[in-house]
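One-letter residues, chain by chain:
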Amino acid sequence: DLLLMDATKDFQVVYYESREKGSSILPKKYAVGMDRMAKDIQEVIEYLKIDQKKLVLLGSCIGATKICYGMYKGMYNPFMPVLIAPPARRKRRPG
């Protein structure tokens, strides 16, 4: 939270409440999954007409994963992605 607040001093900050959060307001049934969540980011960028050459996307944990996924899929190409503690892949234990 402190990083985000400090960023507002020098940058225009857009914060959105992502759909997997309990505080988001969505219909009872809604699409969820990495494709949909990365598309949410893409739609915010397009709706606000954000110049991606000046775009810094900051995400932690699952947010970092969404940023990486959307970049991999070519949905957006920020000037700088800032990834804080993306979840690590773990090998599943048998049975």
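Relevant structure appears above.
Conventions we followed
- Residues numbered from 1 in each chain as written.
- Predicted model: local features only at pLDDT ≥ 70, side-chain atom pairs only at ≥ 80, totals over all residues.
- Heavy atoms only, no water.
- Buried < 20%, exposed > 50% of the residue type's maximum accessible area, 1.4 Å probe, protein only.
- Helix = DSSP H or I, 4+ residues; strand = E, 2+ residues; numbered from the N terminus.
- 1 Å grid on protein atoms, 1.4 Å probe; cavity = no way out; pocket = protein on both sides within 12 Å on 5 of 7 lines; lining within 4 Å.
- Points joined across faces, edges and corners; volume = space filled by probe spheres on them.
- Nonpolar A, V, L, I, M, F, W, Y, C, P; charged D, E, K, R; others polar.
- Arc of directions from axis to C-beta.
- Contact = heavy atoms within 4.5 Å.
- Pairing = 2+ DSSP bridges.
- Core = buried A, V, L, I, M, F, W, Y, C linked by side-chain atoms within 4.5 Å.
- Polar contact = N/O pair within 3.5 Å; in protein donor to acceptor, adjacent residues only side chain to side chain.

**Section: unusual backbone geometry**
No. 1: The backbone of Lys49 sits at a positive phi, close to 55°, despite the residue not being glycine.
No. 2: For Lys49, a relative accessible area of 73% corresponds to the exposed category.
No. 3: Phi at Cys61 is positive, roughly 55°, even though this residue is not glycine.
No. 4: Take Cys61: it is sitting in the loop between strand 1 (56-60) and helix 3 (62-72).

**Structural notes on the layout of surface pockets**
No. 1: Roughly 1,300 Å³ of volume is contained in the largest pocket.
No. 2: For the largest pocket, the lining is made up of 33 residues, of which Leu4, Val14, Val56, Leu57 and Leu58 are closest to its centre.
No. 3: Listed by contribution, the elements that provide at least two residues to the lining of the largest pocket are helix 1 (2-7), helix 2 (34-47), strand 1, helix 3 and strand 2 (80-84).
No. 4: The dominant element in the lining of the largest pocket, judged by the number of residues it contributes, is strand 1, at five residues.
No. 5: Taken together, the residues of the lining of the largest pocket sort by class into 22 nonpolar, five polar and six charged.

**What to know about helix 3**
No. 1: Among the residues of helix 3, those classed as buried are Gly63, Ala64, Lys66, Ile67 and Gly70. The arc that holds every buried residue of helix 3, seen down its axis, measures 160°, which confines them to one face.
No. 2: Against the buried residues of helix 3 lie helix 2, strand 1 and strand 2.
No. 3: Positive phi appears at Gly74, one or two residues downstream of helix 3, with a value of about 75°.

**Observations regarding the pairing of strand 1**
No. 1: Burial along strand 1 is one-sided: Leu57 and Gly59 are buried, while Val56, Leu58 and Ser60, pointing the other way, are not.
No. 2: As judged from the five bridges shared by strand 1 and strand 2, these two strands associate in the parallel manner. From the neighbouring strand, Gly59 faces strand 2, where its bridge partner is Leu83.

**Digging into the nonpolar core**
No. 1: Counting residues in each nonpolar core, the largest one holds eight residues, listed as Ala38, Ile41, Ile45, Leu55, Leu57, Ile67, Met75 and Tyr76.
No. 2: Take this core: its biggest share by element is three residues, from helix 2.

**Quick look at the side chain of Asp40**
No. 1: Inspection of the secondary structure assignment puts Asp40 in helix 2.
No. 2: Looking at Asp40, its side chain comes within polar contact range of the side chain of Arg36, at 2.8 Å.
No. 3: Sequence-distant contacts of Asp40, that is, excluding residues within four places in its chain, are made with Tyr16 and Arg19.

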